[in-house]
Amino acid sequence: MAFRKKQKEEKKLIRSTNGRFVPYEETSNLARIKIFISIVPHGQADGVVKLLERVGVNYSVITQGEGTGAKFVPNLVADNKKQIIFSFVREDLTDKVKNTLKQRFSVSKASNGISFSINLTSVMGVSIYKFLSNTRKVTGK
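K.L.:
Any details on the sheet that holds strand S3 (residues 33-41)? Residues and values, ideally.
P.N.:
Taken in spatial order, the 4 strands of this open sheet run S4-S5-S3-S6, and their pairing is antiparallel. The open sheet has two edge strands with one neighbour each: strand S4 (59-66) and strand S6 (114-120). Geometrically, the sheet is characterised by an average inter-axis angle of 20° between neighbouring strands, direction not taken into account. By the bridge criterion, 9 bridges tie S3 to strand S5 (residues 81-90) in an arrangement that is antiparallel. In the sheet register, Lys34 faces S5, and the bridge partner there is Val89.

K.L.:
I'd like to hear about the packing of helix H3 (residues 45-55) against helix H5 (residues 94-105), residue by residue, with values.
P.N.:
In contact at an axis separation of 10 Å, H3 and H5 are set at 150° when each is read in the N-to-C sense. Seen along the crossing, H3 lies across H5 with a hand that is right-handed. Together, Gly47, Val48, Leu51, Leu52 and Val55 of H3 and Lys96, Val97, Thr100, Leu101 and Arg104 of H5 make up the contact between the two elements. Here the contact of H3 with H5 is composed, by residue class, of 6 nonpolar, 2 polar and 2 charged.

K.L.:
How would you explain H3 if you had to name every residue and give the values?
P.N.:
Every buried residue belonging to H3 is among Ala45, Val48, Val49, Leu52 and Val55, and all of these are buried. What you see down the axis of H3 is that its buried residues fit within an arc of 110°, all on one side. Opposite the packed face of H3, turned more than 90 degrees from it, sit the exposed residues Asp46, Lys50 and Arg54. For H3, the secondary structure elements touched by its buried residues are S3, S4, S5 and H5. Looking one or two residues beyond H3, the residue adopting positive phi is Gly56, at roughly 125°.

K.L.:
Which residues make up H5, and what values go with them?
P.N.:
Helix length check: H5 (12 residues) gives 16 Å between terminal C-alpha atoms against 16 Å at 1.5 Å per residue, within 8%. Residues of H5 that are buried: Thr94, Val97, Thr100, Leu101 and Phe105. Across the axial projection of H5, the buried residues extend over an arc of 130°, all falling on one side. Facing away from the buried side of H5 by more than 90 degrees, the exposed set consists of Asp95, Lys96, Lys102 and Gln103. Residues of H5 that are buried make contact with S3, H3, S5 and S6.

Conventions and cut-offs
- Residues numbered from 1 in each chain as written.
- Predicted model: local features only at pLDDT ≥ 70, side-chain atom pairs only at ≥ 80, totals over all residues.
- Heavy atoms only, no water.
- Pairing = 2+ DSSP bridges.
- Helix = DSSP H or I, 4+ residues; strand = E, 2+ residues; numbered from the N terminus.
- Axes fitted to C-alpha atoms, helices over the stretch in contact; angles between N-to-C directions.
- Left-handed = near helix turned anticlockwise from the far one by under 90°.
- Contact = heavy atoms within 4.5 Å.
- Nonpolar A, V, L, I, M, F, W, Y, C, P; charged D, E, K, R; others polar.
- Buried < 20%, exposed > 50% of the residue type's maximum accessible area, 1.4 Å probe, protein only.
- Arc of directions from axis to C-beta.
- Expected span 1.5 Å × (residues − 1).

What follows is the structure in structure tokens.
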């Protein structure tokens, strides 16, 4: 119990001026967050995520999917296996992300894909916001 109380007191001291607690949103410039959903051929997701990390995207999730082309065109020889990437991007980085993905998708037919974004309307907690917006960067020793 004493440890928890000490942590709260230290937290207040870090973000206080003249003994008054100041919320994070009053001391920092908040940016909206968007979720970019990219659909790429199977095996391409790791390369796309590495490109997004270079641009400043902190958190991406890859999941497996399957295209619907073979259901509508029975003789389609193309591979239906897809990977879906969910990336959380600050609004000020969206143009960089769009341009990076556009370049990646135009390299060849094998690296083709689509991407779209959805506004994230709320995030619960300052720590989660900092993580998703890549505000608090963790550096190694």
